[in-house]
Amino acid sequence: APWRLMMSLTPSRGCLLDLPWEDILVPHILCHLPLQQLLSLQRVSKSFQSLIQLYLANMRCFDSSQIGPAIPRAAFVNLLKDNEVLQQLALQNCSDWLTDRELLPVIGQNHHLHQIQLKGCAQLSRHALVAISLSCPNLRQLSLAHCEWVDSLSLRSLADHCKVLEAVDLTACRQLKDEAICYLVQKCSKLKSLSLAVNANVGDVAVEEIAKCCPELEHLDLTGCLRVKNDSIRVLAEYCPKLRSLKVKHCHNVAESSLSILRSRGVELDVEPPLQRALVLLQDVVGFAPFINLQI
């Protein structure tokens, strides 16, 4: 409906654009339109172009998925060149075009960012994370999943400057080892959600330090962390009373003897109890081989 309204009220009729831009159009009308349509509106007239540029300069949230993953570099730079009030920036899976050259100016002029999503942005470098740590002291949520350029030095910079972090996704950041994770949680004790999935370098030392430093922890993803064992899971159960979910699938050294403590507290686990697993396997066998005599 807002889109039809804007297209029907052209500048020549002297209606829509006569409304106060900053008080009415930007916060109450344009905010309801998809970003892709807003960009199309710029072609209606020079007045509409100025209006959309004002909107872009005051935009609090930018999500590249609203436009598509293949944004031209120049277009991205132009969209955010005047914006200094961003609070949320989502650029997941933009590896085809996003580099430090495009991202760093945006980060450098937006000091109010509290949520950044860079999942799968493989062409960035450690300088991107250092820039984030220096420019975004109020950062609360950060996703760096599948960003293998993240190293221990850049993570230390993040920990030193972004101490109110509540959620960090380090899935498949394979350069990181126990020492780097320990430093992060020692500095960022307010963490509620942390993913270290698909990292064979993470072991008991890191998990025990997470448990002791992050009493507010609610979600922990250790999927595929092959070095994690039962002892650290028991420490996690002891020190993290607010834990709500734990993922340990493919952690072959984690057994029910440690998970049962968390299971009894109602913590959501991605590994079924042994008896339930056995029943599922039995059902599969029966389903695929009905000739088996179960009375034997």
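Structure: see above.
Residues numbered from 1 in each chain as written. Predicted model: local features only at pLDDT ≥ 70, side-chain atom pairs only at ≥ 80, totals over all residues. Heavy atoms only, no water.

Remarks on the overall build of the protein chain
Step number 1: Within the protein chain, the regular secondary structure consists of 13 helices and nine strands.
Step number 2: Looking at the protein chain as a whole, 45% of its 296 residues qualify as buried.
Step number 3: Summarising the internal contacts of the protein chain: among those between residues at least 6 apart in sequence, 72% fall at separations of at least 24.
Step number 4: Just so you have it, the protein chain exposes about 15000 Å², and 52% of that area is on carbon and sulfur atoms. (Helix = DSSP H or I, 4+ residues; strand = E, 2+ residues; numbered from the N terminus. Buried < 20%, exposed > 50% of the residue type's maximum accessible area, 1.4 Å probe, protein only. Contact = heavy atoms within 4.5 Å. Areas by Shrake-Rupley, 256 points an atom, 1.4 Å probe, with all protein chains shown as cover.)

Considering the pattern of salt bridges
Step number 1: Under the defined criterion, the tally for this structure stands at 10 salt bridges.
Step number 2: A salt bridge links glutamate 216 to lysine 242; the nearest nitrogen and oxygen atoms lie 2.6 Å apart. Taken together, the positions of glutamate 216 in the loop between helix H10 (204-213) and strand E7 (219-221) and lysine 242 in the loop between helix H11 (230-239) and strand E8 (245-247) put the pair 26 residues apart, joining distant regions of the chain.
Step number 3: A residue is classified by how much of its surface remains accessible, and lysine 242, at 41% relative accessible area, is partly exposed.
Step number 4: With a closest N to O distance of 3.3 Å, arginine 244 and glutamate 218 form a salt bridge. Of this pair, arginine 244 sits in the loop between H11 and E8 while glutamate 218 sits in the loop between H10 and E7, and the two are 26 residues apart along the sequence. (Salt bridge = Lys/Arg side-chain N within 4 Å of Asp/Glu carboxyl O.)

Describing the packing of aromatic side chains
Within a pair of aromatic rings, the relevant descriptors are the distance that separates the centres and the angle that separates the planes.
Step number 1: Applying the stated criterion across every chain yields a total of two aromatic pairs.
Step number 2: By way of ring pairs, the aromatic residues Phe62, Phe76 and Trp97 are connected into one cluster.
Step number 3: Looking at arginine 156, its charged tip hangs above the ring of tyrosine 183, at a distance of 3.7 Å from the centre. (Phe/Tyr/Trp six-rings, centres within 6.5 Å; stacked < 30°, edge-to-face > 60°. Lys NZ or Arg CZ within 6 Å of the ring centre and 35° of its normal.)

Considering the packing of helix H7 (residues 126-135) against helix H8 (residues 152-161)
Step number 1: With their axes 8 Å apart at the nearest point, H7 and H8 run at an angle of 10 degrees to one another. Regarding the angle of H7 to H8, the classification is roughly parallel. Contact residues: H7 offers Arg126, Leu129, Val130, Ser133 and Leu134, while H8 offers Leu153, Ser154, Leu155, Ser157, Leu158 and His161.
Step number 2: Considered class by class, the residues forming the contact of H7 with H8 number six nonpolar, four polar and one charged. (Axes fitted to C-alpha atoms, helices over the stretch in contact; angles between N-to-C directions. Parallel < 35°, antiparallel > 145°, perpendicular 65-115°, else oblique. Nonpolar A, V, L, I, M, F, W, Y, C, P; charged D, E, K, R; others polar.)

Topic: the state of the cysteines
Any covalent bond linking the sulfur atoms of two cysteines counts as a disulfide.
Step number 1: This structure, assessed with the given rule, holds zero disulfides.
Step number 2: No disulfide involves cysteine 147; its sulfur sits 5.8 Å from the nearest other cysteine sulfur, which is in cysteine 121.
Step number 3: Free cysteine cysteine 173: the closest other cysteine sulfur is in cysteine 147, separated by 6.0 Å. (Disulfide = S-S within 2.5 Å.)

So far we have only geometry, and geometry alone does not tell us how the molecule works.
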